[in-house]
Protein chains: 2
Amino acid sequence: MSMDAAFRALADPTRRLLLDSLHARNGQTLNALCEHMEMTRQAVTKHLAILEEANLVTTIRRGREKAHYLNPVPINEIAERWIGKFERHRLNALSDLKQRLEREEP
Amino acid sequence: MSMDAAFRALADPTRRLLLDSLHARNGQTLNALCEHMEMTRQAVTKHLAILEEANLVTTIRRGREKAHYLNPVPINEIAERWIGKFERHRLNALSDLKQRLEREEP
DNA sequence: TTGACATGCAACCAAATGGTTGCATATTAA
DNA sequence: TTAATATGCAACCATTTGGTTGCATGTCAA
């Protein structure tokens, strides 16, 4: 479980938009997802492949269509294993920073 | 306040390592941060500039040294405003996905 | 069966990214 | 003052990224 793939996948605004879109309506086909994107279908396909690679999206082929489903597990892992670490000491770090700034810029 | 800069900054493993390093010991100088990195000081400088641009790191010049401090606020914002959205419906989305998978692959 | 529709695949391209080397500048210490 | 130290800046380079176009394949409906 690399978490790196998820971080890199989340770096692109288009891909975050795609996740948003699936969050609003899960199980959309490729064409449906392309509807409000300002780029070609092929470009969207590439973004979806990266999301799938990162395990953020799961797909199911149904006839000639392909349905896309959000998988929130990697996002959850980032939240728990990575962000949690920084949150825990958030107030400490903030007060550290404030003290430094106040000391340096009187 | 874009959140986009933070997402892009977090995409690189070296930069996440730098944040980890600052989390372990806050206020390190550039040279101290370079110590355990497998690249030139100039490369680390570029990564730190990106972290600073994304407001994840704040620096204070002290004589000929430059101290780097972690700023957890953008990470917190990502957690609250973006990840929170997906966490809230996590169980729903998961059961949706399971149902679909079970229906399609009997 | 045939045409329309949904998706897949590959080559290509410009721009961004992550790294390097070389040299300049500023500060501290001897 | 001078030498060592800490950082800054710029040019350069290979690879990755994000997009395009063109065409192929598979599936449904008339």
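Preceding this paragraph is the structure being described.
Residues numbered from 1 in each chain as written. Chains lettered and ligands numbered in written order. Predicted model: local features only at pLDDT ≥ 70, side-chain atom pairs only at ≥ 80, totals over all residues. Heavy atoms only, no water.

Student: Would you mind showing me how to read the side chain of Asp4(A) here?
Tutor: By the element assignment, Asp4(A) lies in helix α1 (residues 4-10). Only 2.7 Å separates the side chain of Asp4(A) from the side chain of Arg16(B), close enough to count as a polar contact. Other than its neighbours up to four places away in sequence, Asp4(A) contacts Ala11(B), Pro13(B) and Arg16(B). (Helix = DSSP H or I, 4+ residues; strand = E, 2+ residues; numbered from the N terminus. Polar contact = N/O pair within 3.5 Å; in protein donor to acceptor, adjacent residues only side chain to side chain. Contact = heavy atoms within 4.5 Å.)

Student: Whenever I open this one, the packing of helix α2 (residues 13-24) of chain A against helix α4 (residues 41-53) of chain A confuses me. Can you help?
Tutor: When two helices pack together, their arrangement is given by the angle between the helix axes and the distance between those axes. Residue and element names in this part refer to chain A. Running from N to C, α2 and α4 point in directions that differ by 75°, and their axes come no closer than 10 Å. Here α2 is positioned roughly perpendicular relative to α4, judged by the angle of their axes. Facing Thr14, Arg15, Leu18 and Leu19 of α2, the residues of α4 in contact are Val44, His47, Leu48, Ile50 and Leu51. Residue composition of the contact of α2 with α4, grouped by class: six nonpolar, two polar and one charged. (Axes fitted to C-alpha atoms, helices over the stretch in contact; angles between N-to-C directions. Parallel < 35°, antiparallel > 145°, perpendicular 65-115°, else oblique. Nonpolar A, V, L, I, M, F, W, Y, C, P; charged D, E, K, R; others polar.)

Student: It is not clear to me how the environment of Val44(B) should be interpreted in this structure. Could you clarify?
Tutor: Residues and elements named next belong to chain B. Tracing the chain through its elements places Val44 in helix α4 (residues 41-53). Relative accessible area serves as the criterion here: at 1%, Val44 is assigned to the buried category. Those residues in contact with Val44, other than ones at most four positions away along the chain, are Leu18, Leu30, Cys34, Met37 and Met39. (Buried < 20%, exposed > 50% of the residue type's maximum accessible area, 1.4 Å probe, protein only.)

Student: Explain the pairing of strand β3 (residues 65-70) of chain B here, please?
Tutor: Within a regular strand, the side chains alternate between the two sheet faces. Residues and elements named next belong to chain B. Taken together, the two bridges between strand β1 (residues 28-29) and β3 define a ladder with antiparallel strand orientation. Within the sheet, the bridge partner assigned to Thr29 lies in β3 and is Ala67. Judged from the six bridges that link them, strand β2 (residues 57-62) and β3 form a sheet pairing that is antiparallel. Bridge pairing in β3 places Ile60 opposite Ala67. Here β2 hands over to β3 after two residues, with Gly63 in that stretch at a positive phi of 65°. (Pairing = 2+ DSSP bridges.)

Student: Sorry, what's going on with the sheet that holds strand β2 (residues 57-62) of chain A here?
Tutor: All names here are of chain A. With antiparallel pairing, three strands are arranged side by side in an open sheet as β1-β3-β2. Bordering the open sheet on either side are β1 (28-29) and β2, each of which pairs with just one other strand. On the sheet, α2 packs against β1, β2 and β3 (65-70) and is oriented at approximately 90° with respect to β3.

Student: So what exactly am I meant to see when it comes to α4(B) here?
Tutor: Three or four residues apart is the spacing at which side chains of an α-helix point the same way, because the helix has 3.6 residues per turn. All names here are of chain B. Between its first and last C-alpha, α4 extends 18 Å over 13 residues, near the 18 Å set by a 1.5 Å rise per residue. All of the buried residues along α4 are Val44, His47, Leu48 and Leu51. Considered in projection along α4, the buried side chains sweep an arc of 100° and stay on one side of the axis. Turned more than 90 degrees away from the buried face of α4 sit Lys46 and Glu53, all of them exposed. The inward-facing, buried residues of α4 abut α1 (4-10), α2 (13-24), α3 (30-34), β2 and β3. A positive backbone phi angle near 65° is found at Asn55, which sits one or two residues after α4. (Expected span 1.5 Å × (residues − 1). Arc of directions from axis to C-beta.)

Student: Before we go on, may I ask you to explain unusual backbone geometry in this structure?
Tutor: Trans peptide bonds make up most of the peptide bonds, and negative phi angles are found at most residues other than glycine. For Asn55(A), which is not glycine, the phi torsion reads 70° and is therefore positive. Note that Asn55(A) resides in the loop between α4 and β2.

Student: What should I look at first to understand the protein's contact with DNA strand C in this one?
Tutor: By nearness alone, 21 residues border DNA strand C, and Asn31(A), Thr40(B), Gln42(B), Lys46(B) and His47(B) come closest of all. What you see for DNA strand C is that sugar and phosphate hold 61% of its atoms within 4 Å of the protein. Within the contact set of DNA strand C, a base oxygen lies 3.3 Å away from a side-chain nitrogen or oxygen of Arg64(A). Contact distances for DNA strand C include 3.1 Å between a phosphate oxygen and a side-chain N or O atom of Lys66(A). Residue classes in the surface near DNA strand C are distributed as three nonpolar, seven polar and 11 charged. (Near = heavy atom within 4 Å.)

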